[in-house]
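Structural overview
Next come the chains, spelled out residue by residue.
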Amino acid sequence: MSTSLQQPPSGNGTLVNITSKEELIKQKLEEERNRLAHELGVELQPRQHFARPVENLFIKSQREHTTLLFGGLTWKHEHLIHGALEGLGYQCQALETPDVKAFQLGKEYGNNGQCNPTYFTVGNLVQHLQKLEEQGKSRQDILDNYVFFTAGACGPCRFGMYEAEYRLALRNSGFDGFRVMLFQQSGGLNQSEAEAGLDMNVDFFLAILNAMNTGDLISDVGYQIRPYEAEKGETDAAIRECMDYLHDVFKNHRKFRLEGKLGGFVKNVPRVGSTAEYVGKFLDQLYGDDYTGALRQVGERLGKIKVDRTRVKPIVKITGEFWAQTTEGDGNFNMFKFLEREGAQVLVEPIGTWIMYMIHQAKQKYRDRQGVNGEEAMPSAWRLDKRLKNEFKVKKASAKLSLAEGIFKREWNRLRAALNELPHHLTDQYELQRLGHPYYNSRAAGGEGHLEVAKNIYYSNKDLAHMVLSLKPFGCMPSTQSDGAQSAVVNLYKDMIYLPIETSGEGEINAHSRVQMALGEAKVKAKQEMARVLEETGLTIEQVREYADGRPELCSGLYKVPHTKGVIGAAANFVKHVSELMKQDSRSRLSNYAAD
Ligand code: SF4
């Protein structure tokens, strides 16, 4: 060997020489490794490098016998997505809300050091597959006839690792080869192929978006009515009924076809050409009455719930990490139920805010890169043509995103109007950026980014919540960062009641007791506010109740009480409203008297 190094052969000698050197290094390394292993008594195992596993495809011809599994939101969202997917011709099943058992399975079969939602969601899928097996399905049957469909991303936080975590846990639990499909990521199954099992077309996206928005709005309304219901349990029963009805509305939703009346009109629009079908679908979405009409029916049912809005309750705004603030189960210590049991009104976060945030961030990115084309350096100052071309490209992309923002907001407000405007507005992303950016750079992506900080300021300063509770999963990187920024915020806004709670698979009692303490302060704040409002209006609570009893519309679950500036609580706002109504009544009595 040493000979080949010292005497390069003729011809292609250099190459041979390098190869020989590399071989020598390899051999020396191997010898040294063996020597060390021998000295330490370690048995060397053959090395196995990671290779992306071969993915089994889900193709169109398998659709009929394949069940799509999905989950990760609330049962309300999932019930509607179920209806929407069935309406698109898929067989589907929503996973159960993840519980502690799922968390333990996630830990058992997944990697160490993951964030809490990873364990819950990954373990939940394994648990579901195990249950299918217990029901008598063979493992091969599960692999052949089920597929899991979920959101994915490329980071920058651990969300980028979810896909790999699902695969690892599935392999470790004996379901190697089970199909996991991601949307929002190009690295998953290639859905652009005509033969793809899941057809991600316009109908698909519109159906899912409508289902998520409707789920958000019903959830919001439910949390506003339940704490004040006259008969315990009536809200939950009514919501169950309404969700079943809406499930069928989504399932039977008619799809836009060019052959219809609107289709005939669209086809005749000049230059619409091959995009006629897309244009028609969007027009149908923007002006159709299927969902708004159904929500008006739901509103009528919810309006029949009798409420007593004179109960003084602190409003607790939920913020935090996306999954921890959304799930309604063990994943956040069943926090919403706990808060309601403890006498609070919960203000939940809609998924719609997250969608608007993503559009906003994409727009910001385009603006930041203005004048730069792709990965190229900024064109020189004298290349005005290139600079203008780049600028036009950015403006065009930004305009498209602004249009998407406008349409999403419009659709949200249309559905909201069908529920008597009772659900909250979508929080303005530009306002959130303005509030949060001084503390948490709005370009720092990952998790909820600057939103956690911004929402804390927004809800406290706009008289929308007595207390902000941030649900932060154990091991969440972005949430840990924003915790640091929150201490500066809390120092500046002295009246704020803000509590961050780290959610995990254990420690529920400790978390509940910390919430109880902060809630005590929020209750005092709500009571003081009510006392101030009663004093300002000169009314007693009995007078307010008596007035409301005489007007059934004021006791309807769907009645919209206007928000008074400087007043947070539902009861205090109700007193202000009744006081105004009383004044109006006496004014009209006086004018009637004068007319007589
Ligand atoms: S935001 Fe936090 S909890 Fe959520 S995926 Fe990222 S690291 Fe995990």
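A few points on the structure.

**Let's talk about the overall build of the chain**
Helix and strand counts for the chain come out as 22 helices and eight strands. Its C-alpha atoms give the chain principal-axis dimensions of about 125 × 70 × 65 Å. Here the chain, with 596 residues, has 49% of them falling under the buried criterion. Taking as baseline every contact in the chain between residues at least 6 positions apart, the subset at least 24 positions apart corresponds to 76%. About 30300 Å² of surface is accessible on the chain, with carbon and sulfur atoms providing 54% of the total. Each charge class in the chain was averaged separately, 75 positive and 76 negative side chains, and the resulting centres sit 5 Å apart.

**Details of the site of the ligand**
Around the ligand, the structure places Cys 115, Pro 117, Cys 157, Arg 158, Phe 159, Tyr 162, Glu 321, Gly 447, Pro 473, Cys 476, Met 477 and Pro 478. The residue makeup of the shell around the ligand, split by class, is nine nonpolar, one polar and two charged.

**Considerations on the nonpolar core**
Ranked by internal contacts, the top residues of the largest apolar core, which has 52 residues, are Leu 85 and Leu 302. No other element matches helix α8 (residues 202-225), which puts nine residues into this core. In this view, Leu 302 contacts Val 221, Ile 225, Ala 238, Ile 239, Cys 242, Gly 557 and Leu 558; residues no more than four positions away in its chain are not counted. With 23 residues, the next largest nonpolar core counts Ile 318, Phe 333, Met 467 and Ile 501 among its residues.

**Some details on unusual backbone geometry**
For Glu 421, which is not glycine, the phi dihedral falls at a positive 60 degrees. Counting through the fold element by element, Glu 421 comes out in the loop between α16 (384-418) and α17 (429-436). With a phi angle near 55 degrees, Asp 463 is a residue other than glycine that sits in the positive phi range. Mapped onto the elements of the fold, Asp 463 is located in the loop between α18 (451-461) and β7 (467-473). For Asp 463, a relative accessible area of 17% gives the class buried.

**Side note on empty space enclosed by the protein**
Scanning the entire structure with this criterion turns up three cavities of 30 Å³ or more. In this structure, the largest cavity encloses a volume near 270 Å³. In this structure, the largest cavity is lined by 21 residues; those nearest its centre are Asn 210, His 253, Asp 284, Gln 285 and Tyr 291. Contributing elements (two or more residues each) for the lining of the largest cavity: α8, α11 (276-287), α12 (290-303) and α16. Each pocket or cavity is described by its volume, and for the second largest cavity that value is around 110 Å³. In terms of lining residues, the second largest cavity is bounded by 14 residues, among which Asp 216, Ser 219, Val 348, Glu 349 and Pro 350 are the most central. Those elements that place two or more of their residues in the lining of the second largest cavity are α8 and α13 (322-326). A per-element tally of the lining of the second largest cavity places α8 first, with four residues.

**Some thoughts on the pattern of salt bridges**
In total, this model carries 32 salt bridges according to the counting rule given. Between Glu 340 and Arg 226 there is a salt bridge, with the nearest N and O atoms lying 2.8 Å from each other. On the criterion of sequence distance, the pair formed by Glu 340 in helix α14 (residues 335-341) and Arg 226 in the loop between α8 and α9 (234-251) is long-range, its members being 114 residues apart. Overall, the relative accessible area of 18% leaves Glu 340 in the buried class. Among the ionic contacts, a cluster of salt bridges with common partners joins Lys 317, Glu 349, Glu 448 and Lys 455.

**A short note on the pairing of strand β4 (residues 179-183)**
Where a strand is regular, its side chains alternate between the two sheet faces. Extensive coverage of β4 is indicated by the burial of four of its five residues. With helix α7 (residues 162-172) bridging strand β3 (residues 146-151) and the parallel β4, this β-α-β connection has right-handed handedness.

**Digging into the packing of helix α21 (residues 541-549) against helix α22 (residues 570-595)**
Remark: α21 packs on α22, axes separated minimally by 10 Å, with the N-to-C direction vectors making an angle of 65 degrees. Between α21 and α22, the interaxial angle falls into the category roughly perpendicular. In this structure, α21 meets α22 at a crossing whose hand is left-handed. Each of Gln 543, Val 544, Tyr 547 and Ala 548 in α21 lies in contact with α22, whose residues at this interface are Phe 574, Val 575, Val 578, Leu 581, Met 582 and Asp 585.

**Quick look at the sheet that holds β7**
Sheet architecture is open: four strands sit in the order β6-β5-β7-β8, paired in parallel fashion. Looking at strand neighbours, the two that pair on one side only are β6 (345-347) and β8 (498-503), the edges of this open sheet. The mean angle between the axes of side-by-side strands here comes to 30 degrees, regardless of whether they run parallel or antiparallel. Note that strand β5 (residues 315-320) and β6 share three bridges and pair parallel. Bridging across to β6, Lys 317 finds its partner in Leu 347.

Thresholds, definitions, all that
Residues numbered from 1 in each chain as written. Predicted model: local features only at pLDDT ≥ 70, side-chain atom pairs only at ≥ 80, totals over all residues. Heavy atoms only, no water. Helix = DSSP H or I, 4+ residues; strand = E, 2+ residues; numbered from the N terminus. Buried < 20%, exposed > 50% of the residue type's maximum accessible area, 1.4 Å probe, protein only. Contact = heavy atoms within 4.5 Å. Areas by Shrake-Rupley, 256 points an atom, 1.4 Å probe, with all protein chains shown as cover. Lys, Arg positive; Asp, Glu negative; His and termini not counted. Charge placed at Lys NZ, Arg CZ, Asp CG, Glu CD. Near = heavy atom within 4 Å. Nonpolar A, V, L, I, M, F, W, Y, C, P; charged D, E, K, R; others polar. Core = buried A, V, L, I, M, F, W, Y, C linked by side-chain atoms within 4.5 Å. 1 Å grid on protein atoms, 1.4 Å probe; cavity = no way out; pocket = protein on both sides within 12 Å on 5 of 7 lines; lining within 4 Å. Points joined across faces, edges and corners; volume = space filled by probe spheres on them. Salt bridge = Lys/Arg side-chain N within 4 Å of Asp/Glu carboxyl O. Right-handed = clockwise from strand over helix to strand, strands pointing away. Axes fitted to C-alpha atoms, helices over the stretch in contact; angles between N-to-C directions. Parallel < 35°, antiparallel > 145°, perpendicular 65-115°, else oblique. Left-handed = near helix turned anticlockwise from the far one by under 90°. Pairing = 2+ DSSP bridges.

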